[in-house]
Amino acid sequence: MQFSLNGRNIAAEPGETVLSVARKNGVFIPTLCHHDAVSPSGACRLCVVQVSSGERSRIVSSCLYAPSENDRVETDTERVRKVRRMVLELLLARCPTVELIRDLARAYGIQRSRFTDGAGPSEERCVLCGLCVRVCDEVVGRHAISHAKRGIQRKITTAFDTQADECIGCGACVRICPTGALHYEDLPEQKQPERVMVELHTRVPLVRCSDCGRAFASPALFEHVSKSVNVPPTTLAACPACRSKSFAATAAQNPPSAPAFARAHARTYQSQLLASINEESS
Ligand code: SF4
Ligand code: SF4
Ligand code: FES
């Protein structure tokens, strides 16, 4: 399937979005709510492009729109820039201190938003992109958080703003958040070490690494990873750093054959996939 992207004839797979094709072909389109690990949602409208077919042209979200044969897609027309400026002004009014939003706004010539309410700078950091909710639902499979309320009170939270027992403290939501609106704090010195998901009203107990003693992950995360990659939870009892050391030491003593090494590495990689996101807390 062929379409025109900024005047160049480009091939696309059926169903492939404009954003995906643009990225493959080195064409920059700004995004906020898009991440390859989760399904697109069209929440931010920053990725808009102009699509013309015949005499008609319209503005669409490039992260959702799959072009049709002979569409003419433009990624940086004045009409596109006007929509992006409006989106950024609204985001800047909501989150004036978020560096990413300020940088994007500056790139589109916006120094301050017309929509500020005069009540002084807001400390709000959440742009409601929904990436955290989607990663928790689609990748981690825990459904611990969601959007709540409407209008300017809309926010990301747990059910009834209380402890989410579904949360395993994996930190995927924190890592995917583009604006730093979510964070966690580990309390490793407590008798029972805990991870506090600060904005999510949730505390998750942590266990200590069987080798170095560092509190690094929750039992629920072990169980989750163990089921996902089909390894016994005991295999995960050491933290990622200690597991890597022990793997390297074993490999040095008994160099595995190439296929065995590939299999072992794949297993290690998979089992570390979720657990390794706790490494930052070390
Ligand atoms: S830390 Fe909790 S809320 Fe965040 S992705 Fe993991 S399970 Fe979901
Ligand atoms: S907390 Fe972060 S990831 Fe979640 S909706 Fe807000 S800005 Fe997006
Ligand atoms: S990146 Fe497409 S709507 Fe947000």
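Here, every reference points to the structure presented above.
Everything in this summary refers to the structure shown in the same document. The residue numbering used here restarts from 1 in each chain and proceeds along that chain's sequence as written. Written order decides the labels, with chains lettered from A and ligands numbered from 1. In view of the model being predicted, local features appear only for residues whose pLDDT reaches at least 70, and side-chain atom pairs are presented and counted only at 80 or more, with totals across whole chains, interfaces and linings using the full set of residues.

**Some points on the overall build of the chain**
Cut-off, in case you're wondering: Helix and strand labels come from DSSP, where a helix needs a run of H or I of at least four residues and a strand needs a run of E of at least two; each type is numbered from the N terminus. Partly exposed residues are those whose C-beta has more than 12 but fewer than 20 other C-beta atoms within 10 Å; with 20 or more the residue is buried, with 12 or fewer it is exposed, and the C-beta atoms are placed from the backbone. Two residues qualify as a contact pair if the distance between their C-beta atoms, derived from the backbone, is within 7 Å.
Secondary structure summary: the chain contains eight helices and 12 strands in total. For the chain, buried positions account for 32% of its 282 residues. For the chain, long-range pairs separated by at least 24 residues make up 56% of all intrachain contacts whose partners lie at least 6 apart in sequence.

**Some words on the packing of helix H2 (residues 78–94) against helix H3 (residues 99–107)**
Angle between the axes and distance between the axes are the two parameters that describe a pair of packed helices. So the rule is basically this: As a rule, the C-alpha atoms of each element are fitted with a line to give its axis, helices using only the stretch in contact, and angles between N-to-C directions run from 0 to 180 degrees. Crossing chirality is assigned from the near helix's rotation relative to the far helix, an anticlockwise turn below a right angle marking it left-handed and a clockwise turn marking it right-handed. Residues are grouped as follows: Ala, Val, Leu, Ile, Met, Phe, Trp, Tyr, Cys and Pro are nonpolar; Asp, Glu, Lys and Arg are charged; every other residue, Gly included, is polar.
The N-to-C vectors of H2 and H3 enclose an angle of 145 degrees; their axes lie 10 Å apart at closest approach. Crossing handedness for the pair H2 and H3: left-handed. Listed contacts from H3 to Leu88, Leu91 and Leu92 of H2 are Ile101, Leu104 and Ala105. Its residues assigned to classes, the contact of H2 with H3 shows six nonpolar, no polar and no charged.

**Re the site of ligand 1**
Condition: As a rule, any residue with its backbone-derived C-beta atom within 6 Å of a molecule or strand is reported as near that molecule or strand.
As a structural note, the neighbourhood of ligand 1 is formed by 15 residues, with Cys136, Ala144, Cys167, Cys170 and Cys173 the closest of them. Of all elements in the fold, only helix H4 (131–140) and helix H5 (172–176) reach the threshold of two or more residues within the shell around ligand 1. The element contributing the most residues to the shell around ligand 1 is H4, with three residues. By residue class, the composition of the shell around ligand 1 is 12 nonpolar, two polar and one charged.

**Details of the site of ligand 2**
What surrounds ligand 2 is a group of 13 residues, the closest being Cys126, Cys129, Cys132, Cys177 and Ala181. Of the residues that constitute the shell around ligand 2, the class distribution is 11 nonpolar, two polar and no charged.

**Points about the sheet that holds strand S10 (residues 202–205)**
Put simply, the rule reads: Here a strand pair is declared whenever DSSP counts at least two bridges between the two strands.
Spatially, the three strands line up as an open sheet ordered S8-S9-S10, and their pairing is antiparallel. Whereas interior strands pair on both sides, the edge strands pair on one side only; in this sheet they are strand S8 (184–187) and S10. Pairwise comparison of adjacent strand axes, ignoring direction, gives a mean angle of 20 degrees for this sheet.

**Describing the nonpolar core**
Short version of the rule: In this usage, the nonpolar core is the set of buried Ala, Val, Leu, Ile, Met, Phe, Trp, Tyr and Cys residues whose C-beta atoms join them within 7 Å.
Judged by nonpolar contacts, the single largest core of 65 residues is most densely connected at Val127, Cys132, Val135, Cys136, Ile145 and Cys173. Once you skip the residues sitting within four places of it in the chain, Cys132 turns out to touch Ile145, Ile156, Cys173, Ile176, Cys177 and Leu182.

**Structural notes on helix H6 (residues 219–229)**
Which entries qualify depends on this criterion: This arc describes the spread of directions from the helix axis toward the C-beta atoms.
Within the sequence span of H6, burial applies to Leu221, Phe222, His224 and Val225. All buried residues of H6 fall inside an arc of 165 degrees around its axis, so they share one side.

This is a description of form; function is not addressed.
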